[in-house]
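The chain contents come next:
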Amino acid sequence: MAASSSDMATLKAEAMVQGAYQASDYLVVAPVVVCLLFGATLLMARKRVDWHPWVAIPGFVLLFAADVLLLLKVAAEGPQTMMMGSWIAPFGIAFTVDMLGALFVTTAGFVALAASIYATFSMSRTERRYGFFPFLFLMIGGVSGAFLTGDVFNLYVWFEVLLIASFGLLILGSEHEQLDGATKYCFLNLVATTLFLITTGYLYGLFGTLNMADIAEKAGGFENDGALLTIAVLFLVAFSAKAAAFPLNFWLPASYHTPRFVVSALFAGLLTKVGVYALIRLVLMLFPSQHAELATLIAWVAALTMLVGAFGALAQSDLRRLLNYFVVAGIGTIFAGLALIGTDGASGAGSLAGAASAATTEAAPNLAAEAAAPLLPGSGNMVVGLSGAVYYALHSIVVMTALYLAAGTAARLSGSSSLRSMGGLWRRQPALAALMLIFLFAVSGLPPFSGFWPKVVLVRGAFQAGLPVLGAVILLTGFLMTVASARVFALAFWRNAPEPVPTGGESGGFMAAGPPAPLIAMLPLIMLALFVVWAGVLPQTLAEPHRACRARRRRSHRLCRLCLRRRIMILFLINIVLALVWTVVSGSFTFLNLVFGFLLGAASLYLIRREIGTAGYVSRFFRIGALFLLFIRELLMSAWRVAVLVLKPKMDLKPGIFAYRLKVDRDFEISLLANLITLTPGTLSVDVSEDRSTLYVHAIDCSDPEASRADIANGFERKILEAFR
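Residues numbered from 1 in each chain as written. Predicted model: local features only at pLDDT ≥ 70, side-chain atom pairs only at ≥ 80, totals over all residues. Heavy atoms only, no water.

A.B. asks: I'd love a proper account of the packing of helix α7 (residues 152-170) against helix α8 (residues 176-207), names of residues and values included.
C.D. replies: Running from N to C, α7 and α8 cross one another at 175°; their axes reach a closest spacing of 11 Å. Between α7 and α8, the interaxial angle falls into the category roughly antiparallel. Together, Val-152, Phe-153, Leu-155, Tyr-156, Phe-159, Glu-160, Leu-163, Ser-166, Phe-167 and Leu-170 of α7 and Gln-178, Gly-181, Ala-182, Tyr-185, Cys-186, Asn-189, Leu-190, Thr-193, Phe-196, Leu-197, Thr-200 and Leu-203 of α8 make up the contact between the two elements. Among the residues forming the contact of α7 with α8, the class breakdown is 15 nonpolar, 6 polar and 1 charged. (Axes fitted to C-alpha atoms, helices over the stretch in contact; angles between N-to-C directions. Helix = DSSP H or I, 4+ residues; strand = E, 2+ residues; numbered from the N terminus. Parallel < 35°, antiparallel > 145°, perpendicular 65-115°, else oblique. Contact = heavy atoms within 4.5 Å. Nonpolar A, V, L, I, M, F, W, Y, C, P; charged D, E, K, R; others polar.)

Right, here's the structure in full:
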């Protein structure tokens with residue numbers, strides 16, 4: 001008996017996490033804990049509804065701060081794991097976060113903060129009394145838990161948590177249309193959740209564990225096994241239904257237009273992306289071989305989902321219903337990235353499967369650090385497709401939330417969300433019109449906003465993977481969504497307001513007639529617009545946290561450059577905030593006043609440059625201005641030289657292509673240099689070598705290529721290096 005007790009104690013010691021957690025380790029569970037604590041607090045104070053916004057907004061600020069700190073910790077140290085009950089994997093339930101989960105949970109916290117600010121004026125006292133803010137915290141807690149878990153059954157639990165909260169948010173107001181939409185929403189999601197649970201039981205019966213790391217390690221021994229393919233198909237069906245992919249997308253257009261605008265915004269931005277995230281986690285990372293077999297099916301689902309969404313949007317005359325189909329089209333675009341395997345087959349996902357294992361075990365920290373993030377460097381079809389899909393998903397979370405919030409403000413001003421009844425908003429609210437135009441450009445995939453670059457990646461990846469039809473569908477969908485967006489802006493904003501007509505059931509159930517408080521209404525939209533512009537102008541920054549971790553292990557001076565760029569970005573955001581403060585103080589929210597406020601903020605930062613070290617920030621603006629002036633000069637001079645050549649009676653031209661050895665090595669700098677050369681008359685950037693070291697330029701007169709190379713080196717390239725280094 002004593003020996004047996006000793007053996008049990010030894011086994012228990014081996015199965016337990018040794019040592020205490022540090023304070024920073026609790027960041028892994030902090031997003032969930034913050035949501036549950038604030039949700040419970042507001043529930044206990046349900047009769048003090050006037051307190052709810054003033055408690056909720058600091059709560060979401062704290063949540064977003066915890067998300068950002070967690071993201072920085074993952075970027076610096078690699079994937080993080082916290083075992084519940086101190087039981088090591090696979091015995092205990094794991095909370096695990098890598099770069100994929102950290103990016104998703106941080107973006108979720110950001111849009112939740114924006115939505116909570118918007119809800120302070122859009123939700124009535126009665127709706128607060130019925131639990132809007134507690135339900136909101138509970139739903140965001142479920143979303144955060146789904147992004148942070150390393151256990152399949154725990155993923156199911158967090159799905160249930162967010163669904164329960166979403167049911168409550170969906171029927172706030174108790175209108176007939178809401179109850180009808182809730183019935184369809186609940187039925188489909190309950191069926192999908194039941195299928196998820198059944199598949200989870202099947203998975204446990206096959207592997208004897210639900211820890212994702214353990215499953216990823218054991219799945220290699222079941223290669224080409226029919227049982228694994230069955231599980232992968234069942235997961236694909238369940239998560240496709242939750243993500244609203246064709247043909248299981250009928251419930252979304254029938255339900256997302258019924259709740260309040262702020263609720264629709266969060267549903268459209270977050271809930272469908274949780275299904276996409278679960279699909280990436282369980283099918284792509286755990287069963288790469290089975291995913292390769294299903295890639296053709298996923299490609300068809302993606303194409304049909306995009307087409308249904310785009311054509312459905314064109315057919316709508318109500319703004320909310322139109323945005324519902326935009327959500328569907330975006331899901332199809334994400335699925336297109338998940339369909340790319342091409343010539344690398346399952347091997348492209350092999351590192352991801354290994355990362356899933358390493359992310360929740362302490363046995364392979366190096367593997368986790370090198371391979372955990374799906375935003376991996378490389379050119380394999382799987383890497384390109386997954387990077388594009390993740391980038392587009394993050395973009396869609398922000399843009400779809402912003403579109404619904406902007407539509408809610410526009411519908412409040414118009415008294416209806418019907419495009420037949422809207423109009424004249426450009427004159428009544430120019431700032432709202434400008435923001436709406438940014439969001440419509442972004443959702444259509446137009447530059448220079450956040451939706452452009454992931455679509456470029458996905459189209460290029462589709463053609464590289466031998467799927468030209470899928471690439472063509474992505475382009476066609478972008479064109480159709482551009483047409484639908486132009487129709488929205490023309491009818492709701494640009495044309496004159498139509499004669500007033502009685503509003504029907506699609507008015508959106510507003511709290512009160514008339515315009516909302518300008519500052520509260522515009523602040524969340526400005527926050528989201530900043531992300532849209534930032535992610536479009538500086539797309540590489542979404543992948544830089546993982547690259548920074550690798551750079552620190554290689555060359556310290558690269559990290560210093562990265563830190564400098566981050567500092568410049570922080571100062572730029574401070575400058576934006578100072579500009580917004582100026583518009584509020586001056587009482588004029590016009591574009592020219594915003595520009596003046598920005599310049600005033602830059603001057604203020606320059607005056608205190610020695611105290612806070614902002615000299616480099618202000619001088620960078622001068623260097624960027626010098627680059628712009630050089631471009632104007634070269635544009636005029638080149639146009640003059642080309643005109644002289646064309647007007648000569650006898651043109652002695654020697655057109656040709658020359659190779660230019662690049663000194664710039666970052667994607668943004670190479671793209672900027674190539675575009676500046678192309679925009680200058682007489683020269684055209686043709687291609688960049690695969691190692692990104694050589695730029696091929698076509699010149700209308702290539703008689704002296706050395707002189708042309710010297711002009712580029714001493715002109716555009718030198719100014720780019722001065723401006724952005």
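A.B. asks: Please provide a residue-by-residue account of the packing of aromatic side chains, values included.
C.D. replies: In this description, a pair of aromatic rings is defined by centroid distance and the angle of the planes. Counted according to the given criterion, the structure contains 30 aromatic pairs. Measuring from ring centre to ring centre gives 5.7 Å for Phe-64 and Phe-110, while their planes differ by 40°; the resulting arrangement is tilted. Of this pair, Phe-64 sits in helix α3 (residues 52-77) while Phe-110 sits in helix α4 (residues 99-122), placing them 46 residues apart in sequence. Geometrically, the ring pair formed by Phe-132 and Phe-133 is edge-to-face, given 5.0 Å between the ring centres and 75° between the ring planes. With a relative accessible area of 1%, Phe-132 lands in the buried category. Feature note: the residues Phe-153, Tyr-156, Phe-159, Phe-196, Phe-235 and Phe-239 constitute an aromatic cluster, connected by ring pairs. (Phe/Tyr/Trp six-rings, centres within 6.5 Å; stacked < 30°, edge-to-face > 60°. Buried < 20%, exposed > 50% of the residue type's maximum accessible area, 1.4 Å probe, protein only.)

A.B. asks: Pulling in residues and values, what's your account of the sheet that holds strand β3 (residues 656-661)?
C.D. replies: Across the sheet, which stays open at both edges, the 3 strands sit in the order β3-β5-β4 with antiparallel pairing between neighbours. Across the chains shown, the open sheet's two edge strands, defined by having one partner strand only, are β3 and β4 (683-688). Taking each pair of neighbouring strands and ignoring which way they run, the sheet shows an average axis angle of 30°. Two strands pair when backbone bridges link them, and β3 and strand β5 (residues 694-699) are joined in this way by 6 bridges, in the antiparallel orientation. In the strand pairing of β5, Phe-658 is matched with Val-697. Sheet strands touched by helix α28 (residues 667-679): β4 and β5. Its angle to β4, the strand with the most contacts, is close to 150°. (Pairing = 2+ DSSP bridges.)

A.B. asks: How would you summarise a nonpolar patch on the surface if you had to cite specific residues and measurements?
C.D. replies: Among the surface-exposed residues, Phe-591, Leu-592, Val-595 and Leu-599 lie close enough to one another that they form a single nonpolar patch of about 460 Å² accessible area. Positionally, Leu-599 belongs in helix α25 (residues 591-607). (Patch = residues over 30% accessible without salt bridge, like charges linked within 9 Å, V, L, I, M, F, W, Y side chains within 5 Å. Areas by Shrake-Rupley, 256 points an atom, 1.4 Å probe, with all protein chains shown as cover. Salt bridge = Lys/Arg side-chain N within 4 Å of Asp/Glu carboxyl O.)

A.B. asks: How would you explain the side chain of Ser-485 if you had to name every residue and give the values?
C.D. replies: On the secondary structure map, Ser-485 appears in helix α21 (residues 468-494). Taking relative accessible area as the criterion, Ser-485 reaches 5% and is therefore assigned buried. At a separation of 2.8 Å, a polar atom in the side chain of Ser-485 contacts the main-chain carbonyl oxygen of Met-481. (Polar contact = N/O pair within 3.5 Å; in protein donor to acceptor, adjacent residues only side chain to side chain.)

A.B. asks: Got a sec to walk through the nonpolar core? Specific residues and values, please.
C.D. replies: Within the largest apolar cluster, 194 residues are counted, with the highest numbers of intra-cluster contacts made by Phe-326, Phe-335 and Phe-439. Ignoring sequence-local partners within four residues, the contact set of Phe-326 consists of Ala-313, Met-400, Leu-403, Leu-440, Val-443, Met-481, Ala-484 and Ser-485. Among the nonpolar cores identified, the runner-up in size contains 22 residues, and Leu-627, Phe-631, Ala-674 and Ile-677 belong to it. (Core = buried A, V, L, I, M, F, W, Y, C linked by side-chain atoms within 4.5 Å.)

A.B. asks: Give me α4: which residues, what numbers.
C.D. replies: Along an α-helix, residues three or four positions apart point the same way, because every turn accommodates 3.6 residues. The end-to-end C-alpha distance of α4 is 34 Å, a good match for the 34 Å that 24 residues give at a rise of 1.5 Å each. Along α4, 24 of the 24 residues are buried, which leaves the element largely enclosed by surrounding structure. Near the N-terminus of α4, the side chain that reaches the backbone nitrogen of Leu-100, with its oxygen 3.3 Å away, is that of Asp-98. (Expected span 1.5 Å × (residues − 1).)

A.B. asks: For unusual backbone geometry, give the residues involved together with the corresponding values.
C.D. replies: The peptide bond linking Phe-246 to Pro-247 adopts the cis configuration, its omega dihedral lying at 0°. Non-glycine residue Ala-244 carries a positive phi angle of around 70°. In this fold, Ala-244 is placed in the loop between α10 (226-243) and α11 (251-255). Taking relative accessible area as the criterion, Ala-244 reaches 0% and is therefore assigned buried.

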